[in-house]
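Geometric and topological summary
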Amino acid sequence: MYDTNLVLGGKEFTSRLIVGTGKYSSMDVMREAHEAAGAEIITVAVRRVSLPSGESILDHIDTTRYTLLPNTAGCYTADEAIRTCYLAREAGLGEMVKLEVIGDQRTLFPDVEGLLEATRTLAREGFTVMPYTNDDPVMARKLQDAGAACVMPLGAPIGSGLGIRNPYNIKIILESVTVPVIVDAGVGTASDAAIAMELGCDGVLMNTAIAGAQDAVAMARAMKLAVEAGRLAYKAGRIGKKLYATASSPIEGLPDWTS
Amino acid sequence: MEISVNGKPMVVERGITVDGLLTLLDVKRQYTAVAVNRDVLRKADYGTLTLSEGDRVEIVRPMGGG
């Protein structure tokens, strides 16, 4: 079936699965998982160089093949997040950023006021802003109006693996904005990713669900298939839900067994 | 003079440039960025910007994350 590409910041991507680089058991496992996921976009954090400086995570990522997506994880104010994006740009990581402004340490829920402010500033500065937000359709529209290149509502708290807790809100977000909608955070297993895509989301971003699985490479492949299956099912157009049965075989032509 | 590099105190020669500091610390330039007192620097300024007593230098690069 014909499908369009995911477009972010004028760049086209065939893969709709964005994966992270955190918490892998080894760099070899990470590299294999990226391959198995078929990902084209890979998130990285921006942190202090440990001194003396040793090997870099980018020694294990083919930067000619993958588009890097630096995040602002750990930032609690718009100012910190904006400066982190500037650092990422100066580091040569590009102008596409996964914007996080965290509002609470325990839940890692976004501070949407700070997020909106940072989105506005960064979009004006020419960044392709991909904000991690809550599953609020009103905020999603405000982020779009502020210049976000997409909106990335959470399915559930980061690293929780609870799945898509409010599919109805995700559905309303999809109807509220014209930019791509990418579910970011909360995915625990393949069916969660499939559900996001079946709802009509444009992509799914995950880290822990793959990196924390007992076999990360196998889970990466499962996620790839789930995202593709969910997308295909969405494009195919599912049947309506009904309370009672509808026979699949014709009633007509049944033999008469009456005695 | 004393400056702070990634949160740790460090004694360096007066008049050292950012470029000089990176060389002293043997930090690779690729995929690295530097901020001094909260201002993110452009790579082109590393050679000309001299550090001052008490400057807070942050040297960052990509790490694993989601």
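Procedures and definitions
Residues numbered from 1 in each chain as written. Chains lettered and ligands numbered in written order. Predicted model: local features only at pLDDT ≥ 70, side-chain atom pairs only at ≥ 80, totals over all residues. Helix = DSSP H or I, 4+ residues; strand = E, 2+ residues; numbered from the N terminus. Buried ≥ 20, exposed ≤ 12 C-beta atoms within 10 Å, placed from the backbone. pLDDT = per-residue confidence, 0-100. Expected span 1.5 Å × (residues − 1). Contact = placed C-beta atoms within 7 Å. Nonpolar A, V, L, I, M, F, W, Y, C, P; charged D, E, K, R; others polar. Pairing = 2+ DSSP bridges. Axes fitted to C-alpha atoms, helices over the stretch in contact; angles between N-to-C directions. Parallel < 35°, antiparallel > 145°, perpendicular 65-115°, else oblique. Left-handed = near helix turned anticlockwise from the far one by under 90°. Core = buried A, V, L, I, M, F, W, Y, C linked by C-beta atoms within 7 Å.

**Description of the overall build of chain A**
The secondary structure content of chain A amounts to 8 helices and 10 strands. Once the C-alpha set of chain A is aligned to its principal axes, its extents read approximately 90 × 40 × 35 Å. Per-residue burial for chain A yields a buried fraction of 45% across its 259 residues.

**What about the confidence of the model for chain B?**
Any segment with low pLDDT has predicted coordinates that should not be analysed in fine detail. When pLDDT is averaged across chain B, the result is 95; 100% of the residues are at 70 or more. Scored as a complex, the prediction yields pTM 0.94 and ipTM 0.95.

**Structural notes on unusual backbone geometry**
Of note in the backbone geometry, Lys 23 of chain A takes a positive phi value of approximately 65° without being a glycine. Residue classification places Lys 23 of chain A among the partly exposed positions, given that 16 C-beta atoms sit within 10 Å. Of note in this structure, Asn 37 of chain B is not a glycine but carries a positive phi near 50°. Of note, Asn 37 of chain B is situated in the loop between strand 3 (33-36) and strand 4 (39-40).

**A closer look at helix 8 (residues 216-236) of chain A**
Residues and elements named next belong to chain A. In this model helix 8 runs 30 Å from its N-terminal to its C-terminal C-alpha over 21 residues, within 8% of the 30 Å that 1.5 Å per residue would give. The inward-facing, buried residues of helix 8 abut strand 3 (17-19), helix 1 (27-37), helix 6 (190-199), strand 10 (203-206) and helix 7 (208-211). Looking one or two residues beyond helix 8, the residue adopting positive phi is Gly 237, at roughly 85°.

**What to know about the interface of chain B and chain A**
A common way to state how big an interface is: give the accessible area lost once the parts meet. Facing 24 residues of chain B, the contacting portion of chain A comprises 30 residues. Broken down by class, the residue content of the side of chain B that touches chain A amounts to 11 nonpolar, 6 polar and 7 charged. Sheet analysis places strand 4 (residues 41-48) of chain A next to strand 5 (residues 56-64) of chain B, joined by 5 bridges and oriented antiparallel. The partner of Arg 48 of chain A across the bridge, within strand 5 of chain B, is Val 60 of chain B.

**As for the packing of helix 4 (residues 137-145) of chain A against helix 5 (residues 167-176) of chain A**
Residues and elements named next belong to chain A. Where helix 4 contacts helix 5, the axes come no closer than 9 Å and their chain directions differ by 30°. Classified by the interaxial angle, the pair formed by helix 4 and helix 5 is roughly parallel. Here the hand of the crossing between helix 4 and helix 5 comes out right-handed. Residues Pro 137, Ala 140 and Arg 141 of helix 4 pack against Asn 169, Ile 172, Ile 173 and Ser 176 of helix 5.

**Regarding the nonpolar core**
All names here are of chain A. Counting 92 residues, the largest nonpolar core has Leu 99, Val 204, Ile 210 and Met 223 as its most contacted members. Per-element accounting of this core gives the leading share, 7 residues, to helix 8. For Met 223, the contacting residues outside a window of four places in its chain are Leu 17, Ala 37, Ala 190, Ala 193, Met 206, Ala 209 and Ile 210.

**Some points on the pairing of strand 5 of chain B**
Residue and element names in this part refer to chain B. Across 2 bridges, the pairing between strand 1 (residues 2-5) and strand 5 is parallel. Bridged to Ser 4 within strand 5 is Arg 56. Sheet topology note: the strand 3/strand 5 ladder contains 4 bridges and is antiparallel. By the bridge assignment for strand 5, Ala 33 is matched with Val 60.

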